[in-house]
Amino acid sequence: MSYHPHDVSRRASVARLLLGIGFVALMSAFFRAQVMRNSEFLAQAEQNRFREVPLAAPRGIIYDRNGRIIAENLPGYAVSLLSPSADSLRAAMRRLSSIIPITDDQVEAAVRRWRKNPTRPAVILPDAPFDVVAVLEERRVENPTLIIQSTPKRYYPDGPAVASFVGYTGEVTERELADSTRRDYKPGQQIGKGGLERQYEAQLRGTEGVRYVEVDARGRVVRDAGARAERAPIPARALRTNIDMDLQQYVVSLLGDSLRAGVVAIDPNDGAVLALHSAPTYDPNRFVGGIPAEYWRELNTDPRRPLYNKVIQGRYPPASTWKLATSAIAMEAGLVSLDDHMPQPCTGGYRYGRYFRCWNHTGHGDVNLRQAIEQSCDVYFYQVGLKLGLTRLVAGGIKLKMRERSGIDLPNETQPQYPPDAMNYFNERYGARGWVPGSVSLNLSIGQGENAQTLINMARFYTALATDGRAARPEIVTRNPERVRIMNLTDAQMVGLRLAMAGVVSSRGTANSARVEGITVAGKTGTAQNPPNPDHAWFMGFAPAERPRIVVGVFVEYGEHGYVAARIATKVMARYLKAATAPVVTTE
Amino acid sequence: MTRRIPDIPLLLIALALSAFGIAMVYSAGQTDTVSFVATLWRTQLVWFVIAIGAAFVASRASVRFLDWLTPFVYVLTLCMLVLTLVIGGGAGTAASSKSWLVIGGIRIGQPAELAKITVVLMLARVLANRREPPKSLLELWHPALVVGIPWILIMLQPDLGTGIVFIGIFFAMLFWSGVNWRLLLLIASPAISLVLAFSTRLWGAWFLLLLALVWIYRPYLVEGIAVVCINVVTGVVAPILWEKLAPYQQKRLLVFLDPSIDAQASGYHVIQSQVAIGSGGWLGKGFTQGTQKRLNFVPEQQTDFIFAVVGEELGFVGVTLALTLFLALFLRAVRISSRANDPYASLIAFGLLASWLVHVIENVGMTLNLMPITGIPLPFFSYGGSFMLASWLSVGVLMRISREGRGRGELASI
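Note that this is a predicted model, so its numbers are computed, not measured.

**Student:** Before we go on, may I ask you to explain the overall build of chain B in this structure?
**Tutor:** Helix and strand content of chain B: 15 helices and 3 strands. The C-alpha atoms of chain B give 22 Å as radius of gyration, which agrees with the globular expectation for 414 residues (22 Å, within 12%). Structurally, chain B occupies a C-alpha span of about 65 × 60 × 45 Å along its principal axes. Within chain B, the proportion of its 414 residues that are buried is 54%. Contacts spanning at least 24 positions in sequence make up 72% of the contacts within chain B whose residues lie at least 6 apart. For chain B, the exposed surface amounts to about 17800 Å²; the carbon and sulfur share of it is 71%.

Next comes the structure, spelled out in structure tokens:
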């Protein structure tokens, strides 16, 4: 080799230069990674080792008007698994199934939750019983990807008694997640599924917290608590309702499990719903944390339809309870007064084209409006209907808001059925020559025909009868009471109507067997024809008749006679008024 | 003439690097899930003591003695490499390769580590014996053979990393012996052709450049034509060769270009290593406190990826310290080789420097995905007895060459 000192030192310089370039290049690469991109890599390192474990917020407690608890939270346990893939989740659950019971459905549900949000621990048992948790806790070392956490569990102390209005909670479904208004929900979270739980979801939900567990490269939990500051969940505010749990319990006990009925009690002065119950009922506690399949099947195949709310969803012909609507429309039109008689006395029926029967086949004789209400004379109201004519009858019903929902603060309220107008509706339905306006008027005037109302909407109408003609919007949770005038009758006319209704629950009236000692009850029975099945029984009323403080609506499917419903209603009223602290004013 | 004063700066740099390295091996064992790595630092410490002893012995051997010894050691090395192929075994991540000499189930050592030194010695002997540096390709057959035989034996193991080190040594020593850089480029051209063959346009551009080079460099016309022909051949066979590669080998190369294409498997190591280093910041997460390492996100943290632990726990400051120590070592080696008494010693010093340099560049570069992953250790840092021994043997030889070299009295001013 050429080993002249000059050559060597030249080559050494080249070597030093190359070393220097290499050093600077490496250093700048490290400077770029460690200093310039530090925050990016730091975030990745944190993401590597921390797994978020959601901390469910306790849902808001629901109270009745006296501070009694309707819905609360009990400590429960949720079991989750950390998994890098769906397959490893399946494998881990298969391993666990040797020590605790796990069904294939639970595995698939967990995989679905994992797919929705792979970085969150996949919930495998949303509501694990204590003995299962105890077994898992013992074997925790063998299953280092397991996360067991206490989580609030919804509980309804009165269970079936409150199901009709409180609803229930459950895990948010994929369909619910797809809804754009629920974008901030994550799989595995609880959501209100019905009743107040759903109506007031935003208020009851609270804010989810989060804690972090530290995991190693294989997803095993290395450190649990204190790995990183946790964010505590924010419990939701409590919800205060107008429900009177004492009265609600009483209603439930009156209906028992054998009747198929709906009952609603409202304070007519502000619309406060005191009690609301649909029988038969179900136990919402069994719905929390997943409805057991056989219970769900049982409820859905039950011919009495426990899941169908007979207060806000059921639509039935209002029958004779409607006669107060006919009366109010006619009186407002100035066609009849309480003392007026109709041209034809009741002989048990009325001929108009065909023969229209009165429920009393022997006839009521020559009655005025007051007596016609007391005894529910169909023939009298046929003639009022004819006098009004179909146009005014339909318009009057619409003005009484018989085509609108009551606006109660519950989801899934059904809209009542009532003709939108006098002519077109029937022309379209039966053809221009297929119907006679008079016949339709006759049917409508006694609450039959093209008219199906919900119990809650009829109750709203009766709050107007019980007060000054203004209907109160039913409210379970205290909002701003909203009362809308639907009737323009004089005070004297209102008092007269109430007196006539008081006559119904007297020795002269159709509900004489429902009288209670010490309270004047005003109301109207109804028996809705339901061929070929037994008739439905209605009673709508309020008490005390002089200054009503409670409106009660009762509907009994296949109840056959209105007084069946009336007997229930008057008992509810008596219970409420006797229990009430305000002195009961009785003038009669 | 022999100086009595040893090369204290070289010794201090090497000691500092070893101390730093053993501390990092200790830290590498500090994981949340305790594994066998936890106690390796003690083994490394024992190896360090043995290596210091070996270095001392090496430093006592005169260069003349090394010169005499070289052919025997070289032949012995070749025998051991052949033996390794016959009765060798794998270890760790390279369990399927045959890089360990195993006798009676006990792993004796990795002959490849010894080969790095003996090839340097033998190549130095061959190059130093010439009056003039090789001026043409034909004259290079002898040096090429010295490196080529052990290189083939090592590639058969297979150990791509050590193979790359040999090539680095070969080129560096040719450069130091005074071979013209244009000739070096011509030698390297087939390899460049091979890489660029994957893009027709790039290869075309390279080929034009090569033609221009051969035209300018007319004295070696015959070689020039031969090189062009070889380039054409490699350019053509490259795609065929690519098809012949095992899928995992193809993947490795593709992942080098973009680790995210296989983030969970082949790209995982390099991504996690980058995250570890990048998350270290200026000062790092603290000695033994690296989360990526503690939770086993950094793979092979005690061997191939130990520099990721340095980056994560000691930050940019620690990286700067480590790389500066290496730079100081290399500059010292350049100095020693430029002041050596004779060409043979000078070439040995530069060859040993080249060996370290390739290790450092490849290993450190790999942790930031600047280099493809080849499983090559970091001198003085990575856990491993043979390599520690080899590194300190090199230090011992350098000490001796430094002692025999010129520059008496200049020791005070480094």
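**Student:** Please explain the overall build of chain A as it appears in this structure.
**Tutor:** Looking only at helices and strands, chain A has 19 helices and 19 strands in total. The C-alpha radius of gyration of chain A comes to 35 Å, more than 25% above the 25 Å expected for a compact globule of 588 residues. In terms of principal-axis extent, the alpha carbons of chain A reach across some 145 × 50 × 45 Å. Counting every position in chain A, which comprises 588 residues, the buried fraction comes to 54%. The long-range share in chain A, meaning contacts at least 24 apart out of those at least 6 apart in sequence, stands at 70%. Charged side chains of chain A number 73 positive and 59 negative; the gap between the two group centres comes to 4 Å.

**Student:** What exactly am I supposed to notice about the side chain of Arg120 of chain A here?
**Tutor:** Inspection of the secondary structure puts Arg120 of chain A in the loop between α4 (104–116) and β4 (122–125). Other than its neighbours up to four places away in sequence, Arg120 of chain A contacts Glu52, Pro54, Lys186, Pro187, Gln189 and Glu208 of chain A.

**Student:** Would you explain the packing of helix α3 (residues 63–87) of chain B against helix α4 (residues 111–128) of chain B in this entry?
**Tutor:** The relative placement of two packed helices is expressed as an angle between their axes plus a distance between the axes. Residues and elements named next belong to chain B. Relative orientation of the contacting elements α3 and α4 amounts to 145 degrees, with a least axis distance of 9 Å. The handedness of the crossing between α3 and α4 comes out as left-handed. Listed contacts from α4 to Asp67, Trp68, Thr70, Pro71, Val73, Tyr74, Thr77, Met80, Leu81 and Thr84 of α3 are Pro111, Ala112, Leu114, Ala115, Thr118, Val119, Leu121, Met122 and Arg125.

**Student:** Is there a simple way to explain unusual backbone geometry in this structure?
**Tutor:** Residue and element names in this part refer to chain A. Ala279 connects to Pro280 through a cis peptide bond whose omega is -5 degrees. Relative to the helices and strands, Pro280 is located in the loop between β12 (273–279) and α11 (293–301). The phi dihedral of Glu560 falls on the positive side, at around 75 degrees, and the residue is not glycine. Here Glu560 is to be found in the loop between β19 (550–556) and α19 (562–579). Residue Glu560 is classed as partly exposed on the basis of its relative accessible area of 43%.

**Student:** So what exactly am I meant to see when it comes to the pattern of salt bridges here?
**Tutor:** Two side chains with opposite charge may pair up if their charged atoms get near one another. Residue and element names in this part refer to chain A. For the structure shown, the criterion picks out 43 salt bridges over all chains. With a shortest N-O distance of 3.9 Å, Arg485 and Asp468 are connected by a salt bridge. Of the two residues, Arg485 sits in strand β16 (residues 483–485) while Asp468 sits in the loop between α17 (455–466) and β15 (470–472), which places them 17 residues apart along the sequence. For Arg485, a relative accessible area of 40% corresponds to the partly exposed category.

**Student:** Where do I start with the environment of Leu127 of chain B in this structure?
**Tutor:** Within the secondary structure, Leu127 of chain B sits in helix α4. Each C-alpha atom of the pair Leu127 of chain B and Ser382 of chain B lies 32 Å from the other, and the pair is 255 residues apart in sequence.

**Student:** Sorry if this is basic, but what is going on with the nonpolar core here?
**Tutor:** Most often, soluble globular proteins keep nonpolar side chains buried together rather than apart. In terms of nonpolar packing, the biggest core is built from 127 residues, with Phe165, Tyr380, Phe461 and Tyr462 of chain A touching the most fellow members. Counting residues in each nonpolar core, the second largest holds 113 residues, with Phe23 and Leu26 of chain A together with Val119 and Leu329 of chain B among its members.

**Student:** I'm lost on the pairing of β12 of chain A in this one. Help?
**Tutor:** The side chains of a regular strand alternate, first on one face of the sheet and then on the other. Burial runs high along β12 of chain A: 7 of the 7 residues are buried. Count of turn residues in the strand β11 (residues 261–266) of chain A/β12 of chain A antiparallel hairpin: 6 residues, of which Gly271 of chain A carries a positive phi of about 85 degrees.

**Student:** Explanation requested: the sheet that holds strand β9 (residues 221–223) of chain A in the structure shown.
**Tutor:** In a beta sheet, neighbouring strands pair by backbone hydrogen bonds and run either parallel or antiparallel. Residue and element names in this part refer to chain A. Pairing in this open sheet of 3 strands is antiparallel, and the strands run β1-β8-β9 from one edge to the other. With partners counted over all chains shown, the strands left at the sheet margins are β1 (50–55) and β9, one partner each. The average undirected angle you get between the axes of adjacent strands in this sheet is 55 degrees. Bridging between β1 and strand β8 (residues 209–215) involves 6 bridges; their strand directions are antiparallel.

**Student:** So what exactly am I meant to see when it comes to the sheet that holds strand β18 (residues 536–543) of chain A here?
**Tutor:** Residues and elements named next belong to chain A. Pairing within the open sheet is antiparallel, and its 5 strands lie in the order β12-β11-β19-β18-β17. Of all strands in the sheet, those bounded by a partner on one side alone are β12 and β17 (522–528). Adjacent strand axes in the sheet meet at a mean angle of 5 degrees when their direction is disregarded. Where β11 lies against β12, 6 bridges are found, and the strand directions are antiparallel. Bridged to Ile266 within β12 is Val273. Against the sheet, helix α18 (residues 491–504) makes contact with β17 and β18, and its axis sits at roughly 60 degrees relative to β17, the strand it touches most.

**Student:** What is the right way to read the confidence of the model for chain A from this model?
**Tutor:** The predicted coordinates ought not to be read in detail in places where the model reports low pLDDT. With 97% of its residues at a pLDDT of at least 70, chain A reaches an overall mean of 89. Note on residues 581–588 of chain A: pLDDT is under 50 here. Beyond four places in sequence and across chains, it has 8 contacts.

**Student:** Just checking my understanding: could you explain the packing of aromatic side chains for this structure?
**Tutor:** Centre-to-centre distance and the angle between the planes together describe a pair of aromatic rings. Taken as a whole and judged by the stated rule, the model has 34 aromatic pairs over all chains. Between Trp68 of chain B and Phe72 of chain B, the ring centres sit 5.3 Å apart and the planes meet at 55 degrees, which makes this aromatic pair tilted. Separated by 4 residues within a single helix, Trp68 of chain B and Phe72 of chain B lie in helix α3, roughly one turn from each other. Residue Phe72 of chain B is classed as exposed on the basis of its relative accessible area of 51%. Taken together, a centroid distance of 6.1 Å and an interplanar angle of 90 degrees make the contact between Phe380 of chain B and Trp392 of chain B edge-to-face. Within this pair, whereas Phe380 of chain B is found in the loop between α14 (343–367) and α15 (385–404), its partner Trp392 of chain B is found in helix α15, the two being separated by 12 residues in sequence. Taken as a pair, Phe380 of chain B and Trp392 of chain B share a single burial class, namely buried. A network of ring pairs unites the aromatic residues Tyr168, Tyr282, Phe287, Tyr295 and Trp296 of chain A as a single cluster.

**Student:** Teacher, can you tell me more about the confidence of the model for chain B here?
**Tutor:** All names here are of chain B. When pLDDT is averaged across chain B, the result is 85; 91% of the residues are at 70 or more. Low pLDDT (under 50) marks residues 408–414, which in the prediction has 13 contacts with non-local residues, meaning those over four places away or in another chain. The complex prediction reports pTM at 0.73, with the ipTM value standing at 0.90.

**Student:** Just checking my understanding: could you explain α14 of chain B for this structure?
**Tutor:** Spacing of three or four residues puts side chains on the same side of an α-helix, whose turn is 3.6 residues. All names here are of chain B. A rise of 1.5 Å per residue sets the reference length of α14, with its 25 residues, at 36 Å; its end C-alpha atoms lie 36 Å apart and thus fit the reference within 8%. Extensive coverage of α14 is indicated by the burial of 22 of its 25 residues. After α14 finishes, the residue Asn369 shows a positive phi value of roughly 60 degrees.

**Student:** Just checking my understanding: could you explain the pairing of strand β14 (residues 354–357) of chain A for this structure?
**Tutor:** Residues and elements named next belong to chain A. In the sheet, strand β13 (residues 349–352) pairs with β14 via 4 bridges, with the strands oriented antiparallel. Bridged to Gly349 within β14 is Arg357. Connecting β13 to the next strand, β14, in antiparallel fashion are 1 residue, including Gly353 with a positive phi near 75 degrees.

**Student:** Would you mind showing me how to read the interface of chain A and chain B here?
**Tutor:** Quite often, the size of an interface is put as the accessible area lost when its parts meet. In this assembly, 33 residues from chain A lie in contact with 56 residues from chain B. Counting the surface lost from both chain A and chain B, the interface buries some 3700 Å², and carbon and sulfur atoms represent 73% of this. Taken together, chain A and chain B are joined by 0 salt bridges. Linking chain A with chain B are 8 residue pairs in polar contact (both at pLDDT 80 or more), by the criterion used here. Mapped onto the side of chain A that touches chain B, the elements with two or more residues apiece are α1 (5–36), α2 (38–49), β8 and β9 of chain A. Sort the elements by how many residues they give to the side of chain A that touches chain B and α1 of chain A lands first, with 16 residues. Of the residues that constitute the side of chain A that touches chain B, the class distribution is 21 nonpolar, 5 polar and 7 charged.

**Student:** Looking at this structure, how should I read the environment of Ala328 of chain A?
**Tutor:** Residue and element names in this part refer to chain A. For Ala328, the location among the structural elements is in helix α12 (residues 323–332). Taking relative accessible area as the criterion, Ala328 reaches 1% and is therefore assigned buried. When the C-alpha atoms of Ala328 and Thr145 are compared, they prove to be 70 Å apart, with 183 residues separating the residues in sequence.

**Student:** Any chance you could explain the packing of helix α6 (residues 160–176) of chain B against α14 of chain B here in plain terms?
**Tutor:** All names here are of chain B. At a closest axis distance of 8 Å, the pairing of α6 and α14 adopts a crossing angle of 140 degrees. In terms of axis orientation, α6 runs oblique to α14. Crossing of α6 over α14 shows right-handed handedness. Of α14, the residues touching α6 (which contributes Ile164, Val165, Gly168, Ile169, Ala172, Met173, Phe175 and Trp176) are Ser346, Leu347, Phe350, Gly351, Ala354, Ser355, Val358 and His359. Broken down by class, the residue content of the contact of α6 with α14 amounts to 11 nonpolar, 5 polar and no charged.

Calculation rules
- Residues numbered from 1 in each chain as written.
- Chains lettered and ligands numbered in written order.
- Predicted model: local features only at pLDDT ≥ 70, side-chain atom pairs only at ≥ 80, totals over all residues.
- Heavy atoms only, no water.
- Helix = DSSP H or I, 4+ residues; strand = E, 2+ residues; numbered from the N terminus.
- Rg over C-alpha atoms; globule rule 2.2 N^0.38 Å.
- Buried < 20%, exposed > 50% of the residue type's maximum accessible area, 1.4 Å probe, protein only.
- Contact = heavy atoms within 4.5 Å.
- Areas by Shrake-Rupley, 256 points an atom, 1.4 Å probe, with all protein chains shown as cover.
- Lys, Arg positive; Asp, Glu negative; His and termini not counted.
- Charge placed at Lys NZ, Arg CZ, Asp CG, Glu CD.
- Axes fitted to C-alpha atoms, helices over the stretch in contact; angles between N-to-C directions.
- Left-handed = near helix turned anticlockwise from the far one by under 90°.
- Salt bridge = Lys/Arg side-chain N within 4 Å of Asp/Glu carboxyl O.
- Core = buried A, V, L, I, M, F, W, Y, C linked by side-chain atoms within 4.5 Å.
- Pairing = 2+ DSSP bridges.
- pLDDT = per-residue confidence, 0-100.
- Phe/Tyr/Trp six-rings, centres within 6.5 Å; stacked < 30°, edge-to-face > 60°.
- Expected span 1.5 Å × (residues − 1).
- Buried area = accessible area lost by both parts, 1.4 Å probe.
- Polar contact = N/O pair within 3.5 Å; in protein donor to acceptor, adjacent residues only side chain to side chain.
- Nonpolar A, V, L, I, M, F, W, Y, C, P; charged D, E, K, R; others polar.
- Parallel < 35°, antiparallel > 145°, perpendicular 65-115°, else oblique.

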